[in-house]
Amino acid sequence: MTRLNDKYMDIDAAIARIEDGASIMVGGFGSPGTPFALLDALLEQGQRRLTLIKNDANESDIGIGKLIGAGRVDRLITSHIGLNRVAIEEMNAGRLTVEIHPQGLLAEKIRCAGAGHFGFLTDIGLGTEIGEGRREIDFDGKTWAVEPAIHADVALVHADLADRYGNLVYRGTAINFNPLMAMAAERVIAQAFAVKAPGGLVPEQIHTPCAFVSQIVQVDPATSEQGRRAHAI
Amino acid sequence: MTRLNDKYMDIDAAIARIEDGASIMVGGFGSPGTPFALLDALLEQGQRRLTLIKNDANESDIGIGKLIGAGRVDRLITSHIGLNRVAIEEMNAGRLTVEIHPQGLLAEKIRCAGAGHFGFLTDIGLGTEIGEGRREIDFDGKTWAVEPAIHADVALVHADLADRYGNLVYRGTAINFNPLMAMAAERVIAQAFAVKAPGGLVPEQIHTPCAFVSQIVQVDPATSEQGRRAHAI
Amino acid sequence: MPSDQQRILARAAREITAGQIVNLGIGLPTRLFHYLPPDLEVLVHSENGVLGCQLIDNGAEADPEMIDSGGAYIGTRPGASVFDSALSFAMIRRRRVGITFMGAFEVDRQGNLANWKIPGKFSPGIGGAMELAQKVERLVVLCSHNDKHGNPKILEHCRLPLTAPRCVSLIITEKAAMRVTHSGLEVVDIAEDLSVDALRAATGAELIIDESRLGRF
Amino acid sequence: MPSDQQRILARAAREITAGQIVNLGIGLPTRLFHYLPPDLEVLVHSENGVLGCQLIDNGAEADPEMIDSGGAYIGTRPGASVFDSALSFAMIRRRRVGITFMGAFEVDRQGNLANWKIPGKFSPGIGGAMELAQKVERLVVLCSHNDKHGNPKILEHCRLPLTAPRCVSLIITEKAAMRVTHSGLEVVDIAEDLSVDALRAATGAELIIDESRLGRF
């Protein structure tokens, strides 16, 4: 059987395709769901001038915190960076541009890209500072704000299980932004604790069908930062 | 323990709360996922002047086909009614108003209601007859059509498994519109082949969390039309 | 004597009724977990994607992939579900969460809430507060009555950027529980050891007080 | 001698390559299933919510909850997934489906396609055809070269309401396989038993034909 659908790959080869200046979605809410092994490979390889899209900035010494600390991130699109002191310092020093969105809108803007639409119309944030500068339209006598989709070149996601075609199953509160980002980026690199042969996952339990996934990398839960330390949002 | 979250209910009591003139979303793509038992109870109880929202019209002698044949449906919002001769006759005779949407837009308009937004912006259907009459807006030099969300008073959905809180798990191609409708309607009545105690379902495998579901009804696969006959879209 | 925080939490727990879906904001509200009667059937929603949180059993090992939105390890109760962030906020925007508890920098007579940004000082982001504030039917603010300099947090008009306008139902501090009504802030309960005059003096907004109906807590 | 339909299907199967995600429209295209080599690793998408359809094994009982978009009972191959209609169409709009096959009432030189409505006669709806036509990279039309009255289906300009403008890559009929190019319809293959003049006579659009490079099928 030809194996063209086999997306299993070495982690360094997968990350090596990311270029300087790339926009990268990163799964995770705090530590759960953050693809630590993929981020560490990105740190090691040295790509620069990155735009990252992640719910939060991790803590300063793990995950995207390390990339920010190493000066590799120009821009961060996020909902909250409160627990990363370095990210706040970099922002205040003007070295890191931080774009804040309410968490549910950030999730929906990413989901909207994954659904293949331009944007959506919402009432969230009307009458607040966060809503300033948005385009608004009237419809049936009410006002709605236009929220354009957020796209990215690459998504780095963490799954619990995968198969070699790239089907993904997430677990617990490590689901969070991962399935949304796995549909929204042009190229999707997924790490998983176990990678099975096709047929090893139950069709109904697959959260992300393989059509959206470009490369699969296996990571060892015992050697990953995944779950090895205290964390916070 | 107080059992206020218990939503298990008799089928006739659940359907009796539906009023004349209600707008009702009905799950299913062809037969799989169509809540036949709930529809049969609705047929028996006699509610009139209904607006139905369903991907297709079933065949003329099952599911919503029977309601249309009995003259109980004023309006049908759908993507295709090609296999229901009676629905086409009723439409041509002017007794049934049929509103056609491309299937993916229909799904997304329902999903949009379930997500709590007003609408979304799409390029689907631009330059075709189906796009006529839609409001269009320009953004960054491109044109997008506004697709408002579709809401409903009630959704009737079919699940494979449920628990008494109303958590739902779907199966196979009986998933289709069910999880979207289960989030979009004000009141959601679900039928399931098995209803378990809370804790009987795996948290990651729940497609529709109980927060969206109003009533749970158990149906017997052996006595339901579910799966007992040939079908088509 | 209970501490100020214990007093706030014990009073707050009385707002939760059986069958509700409850969201607990980061910080003080999270600790409400410890004040829920074990037999009270509520589903605790955490916006990072779980419905049915509960405290981890004593002695049980934490699952590293199960946290609440405050970053604390959690367990789940029977009937719990986990889901992605889009679905989690759909649940909020569709008003399926019945009550949420949040901290505040400022809250005012109209029920306006400011709890995410102090321009020039503190702006780490907004997280999920904006959707929760705007869409949850009952928003209960839990905060100290005054800031660390003694200035009132409860004002005629918020000065900081709003999290959401006209969103607060009830304010619980160590000094009082105050309902937001069309006519203004109505004191429901006052701390046992406090006089009405002392409460008024510590507050930056006009208060409606009917001493004959005032509860103590 | 193969039938016209067999000829169309055998030629169409040659357009599918290993590793592709393939959508088969209702009617004739669904029968392409039977023309896929068993060892060809393709994932067949059906817009009702499944990726990885396959024929039911001979003698196996049909699962009543597993159909394709044409209503036929199906099985799934290893690596298959099932999902809701929003995700299914997200897959289409995000251009993750590589090739789709559809019938046509009319198709024209610009690659415009009309296959859903004949005003006053036939308007049962559009199903998923519009998104598939607009967003799948390669749309292959499979249809008879002429309608039952002998009128050409391949025209200079479609007259019926369009499914999508400029969406068709290739047209396969029992008479020819024709590529839609910027310069017009280029005949790639012609039926073994047909002359170029007979093909032109049966077609309502100008055809580009280089006889030295013409394939037979």
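The structure reproduced in this document is the subject of the present report. Everything quoted here is computed from the prediction, not taken from an experiment. (Residues numbered from 1 in each chain as written. Chains lettered and ligands numbered in written order. Predicted model: local features only at pLDDT ≥ 70, side-chain atom pairs only at ≥ 80, totals over all residues. Heavy atoms only, no water.)

We now examine the overall build of chain C. Of regular secondary structure, chain C possesses four helices and 14 strands. Its C-alpha atoms give chain C a radius of gyration of 17 Å, near enough to 17 Å, the size a compact globule of 217 residues would have. On the principal axes, the C-alpha backbone points of chain C span a range of 50 × 40 × 30 Å. Within chain C, the fraction of its 217 residues that count as buried is 62%. Of all intrachain contacts in chain C linking residues separated by at least 6 positions in sequence, the fraction that spans at least 24 positions is 62%. Only carbon and sulfur atoms are counted for the fraction: they give 48% of the accessible area of chain C, which is about 8,700 Å². Of the charged side chains in chain C, 23 are positive and 26 negative, and the gap between their average positions amounts to 6 Å. (Helix = DSSP H or I, 4+ residues; strand = E, 2+ residues; numbered from the N terminus. Rg over C-alpha atoms; globule rule 2.2 N^0.38 Å. Buried < 20%, exposed > 50% of the residue type's maximum accessible area, 1.4 Å probe, protein only. Contact = heavy atoms within 4.5 Å. Areas by Shrake-Rupley, 256 points an atom, 1.4 Å probe, with all protein chains shown as cover. Lys, Arg positive; Asp, Glu negative; His and termini not counted. Charge placed at Lys NZ, Arg CZ, Asp CG, Glu CD.)

Contacts between chain B and chain C engage 28 residues on the former and 21 residues on the latter. With both chains or domains summed, chain B and chain C bury close to 2,100 Å², and 56% of this area falls on carbon and sulfur atoms. The largest per-residue losses of area from chain B upon contact with chain C belong to B:Asn5, B:Ala211 and B:Phe212, which jointly make up 22% of the total buried on that side. At the boundary of chain B and chain C, one finds one salt bridge. Between C:Arg94 and B:Glu186 there is a salt bridge, and its shortest N-O distance comes to 3.4 Å. Counting the contacts that link chain B with chain C gives 12 residue pairs in polar contact (both at pLDDT 80 or more). (Buried area = accessible area lost by both parts, 1.4 Å probe. Salt bridge = Lys/Arg side-chain N within 4 Å of Asp/Glu carboxyl O. Polar contact = N/O pair within 3.5 Å; in protein donor to acceptor, adjacent residues only side chain to side chain.)

On to helix 2 (residues 36-45) of chain A, then. Burial in helix 2 of chain A covers these residues: A:Phe36, A:Leu38, A:Leu39, A:Ala41 and A:Leu42. One or two steps after helix 2 of chain A, the chain reaches A:Gly46, where phi turns positive at roughly 90°.

The relation between two aromatic rings is expressed through the spacing of the ring centres and the mutual angle of the planes. Inspection of the entire model under this criterion finds four aromatic pairs over all chains. Where A:Phe118 meets B:Trp144, the ring centres are 4.6 Å apart and the plane angle is 20°; that geometry is what we call stacked. On the criterion of chain membership, the pair formed by A:Phe118 in the loop between helix 5 (103-114) and strand 5 (119-122) and B:Trp144 in strand 7 (residues 142-148) is interchain, its members lying in two chains. Put simply, the rings of A:Phe118, B:Phe139 and B:Trp144 pair up and form one aromatic cluster. (Phe/Tyr/Trp six-rings, centres within 6.5 Å; stacked < 30°, edge-to-face > 60°.)

So, about the interface of chain D and chain B. On the chain B side, the residues contacting the 38 residues of chain D number 44 residues. Summed over both sides, the interface of chain D with chain B buries roughly 3,100 Å², with 60% coming from carbon and sulfur. Counting the contacts that link chain D with chain B gives five salt bridges. The shortest N-O distance in the salt bridge between B:Asp123 and D:Lys135 comes to 2.8 Å. Run the count over chain D and chain B and you get 16 residue pairs in polar contact (both at pLDDT 80 or more). Of all the secondary structure elements, the ones that give two or more residues to the side of chain D that touches chain B are helix 2 (85-93) and helix 3 (129-135) of chain D. Taken together, the residues that form the side of chain D that touches chain B break down as 18 nonpolar, 11 polar and nine charged. (Nonpolar A, V, L, I, M, F, W, Y, C, P; charged D, E, K, R; others polar.)

Next up on the list: helix 2 of chain D. Residue and element names in this part refer to chain D. With respect to burial, helix 2 is a largely interior element, nine of its nine residues being buried. Considered for burial, the residues of helix 2 that qualify are Ser 85, Ala 86, Leu 87, Ser 88, Phe 89, Ala 90, Met 91, Ile 92 and Arg 93. With a side-chain oxygen lying 2.8 Å from the backbone nitrogen of Ala 86, the N-terminal cap of helix 2 falls on Asp 84. Phi for Arg 95, located one or two positions after helix 2, is positive at around 60°.

All chains considered together, the criterion is met by 53 salt bridges over all chains. Its salt-bridge partner being C:Arg14, residue C:Asp189 comes within 3.4 Å of it at the nearest N-O pair. Here C:Asp189 is found in strand 12 (residues 184-190), whereas its partner C:Arg14 is found in the loop between helix 1 (4-13) and strand 1 (21-24), with 175 residues between them in sequence. Given a relative accessible area of 53%, C:Arg14 falls into the exposed group. Salt-bridge contacts for D:Arg11 lead to D:Asp189; the nearest nitrogen and oxygen are separated by 2.5 Å. Placement of D:Arg11 in helix 1 (residues 4-13) and of D:Asp189 in strand 12 (residues 184-190) is noted, with a sequence separation of 178 residues between them. Take D:Arg11 and D:Asp189: they sit in the same class, and that class is buried. Here the salt bridges do not stand alone but share partners, grouping C:Arg11, C:Arg14, C:Glu15, C:Arg138 and C:Asp189 into one network.

The next point concerns unusual backbone geometry. The backbone of B:Asn176 sits at a positive phi, close to 30°, despite the residue not being glycine. Note that B:Asn176 resides in the loop between strand 9 (168-169) and helix 6 (178-184). When its relative accessible area of 0% is taken as the criterion, B:Asn176 is described as buried. Of note in this structure, C:Arg166 is not a glycine but carries a positive phi near 45°. Within the secondary structure, C:Arg166 is located in the loop between strand 9 (154-155) and strand 10 (170-172).

The subject of this paragraph is the environment of B:Leu96. Residue and element names in this part refer to chain B. Turning to its location among the elements, Leu 96 is positioned in the loop between helix 4 (85-92) and strand 4 (97-100). With a relative accessible area of 3%, Leu 96 lands in the buried category. In the structure, Leu 96 is positioned 22 residues away from Asp 74 in sequence and 5.2 Å away in space, judged by C-alpha atoms. Sequence-distant contacts of Leu 96, defined by excluding residues within four places in its chain, comprise Ile 68, Val 73, Asp 74, Arg 75, Leu 76, Ala 87, Glu 90 and Met 91.

Moving on to the packing of helix 5 of chain A against helix 2 (residues 85-93) of chain C. At a minimum axis separation of 9 Å, helix 5 of chain A and helix 2 of chain C run at an interaxial angle of 125°. In this view, helix 5 of chain A runs oblique relative to helix 2 of chain C, as classed from their interaxial angle. Taken as a pair, helix 5 of chain A and helix 2 of chain C cross one another with a handedness that is left-handed. Along its contact with helix 5 of chain A, which presents A:Gln103, A:Gly104, A:Ala107, A:Glu108 and A:Arg111, the element helix 2 of chain C presents C:Ser85, C:Ala86, C:Phe89 and C:Arg93. (Axes fitted to C-alpha atoms, helices over the stretch in contact; angles between N-to-C directions. Parallel < 35°, antiparallel > 145°, perpendicular 65-115°, else oblique. Left-handed = near helix turned anticlockwise from the far one by under 90°.)

All names here are of chain C. In terms of residue burial, strand 8 (residues 138-142) counts as a mostly covered element, since four of its five residues are buried. Bridging between strand 5 (residues 99-102) and strand 8 involves four bridges; their strand directions are parallel. Residue Phe 101 lies in a different strand from strand 8, and its bridge partner there is Val 140. Pairing geometry for strand 8 and strand 10, over three bridges, is parallel. Paired with Val 141 across the two strands is Ile 171, which belongs to strand 10. (Pairing = 2+ DSSP bridges.)

A few words now on the pairing of strand 11 (residues 176-181) of chain C. Residues and elements named next belong to chain C. In terms of residue burial, strand 11 counts as a mostly covered element, since five of its six residues are buried. Relative to strand 11, strand 10 is paired through three bridges, and the arrangement is antiparallel. Looking at strand 11, one finds that Ile 171 is bridged to Met 178. Taken together, strand 10 and the strand that follows it, strand 11, pair antiparallel across an intervening segment of three residues. Hairpin connection between strand 11 and strand 12: a loop of two residues separates the two successive antiparallel strands.

By themselves, these observations are geometric and do not establish any function.
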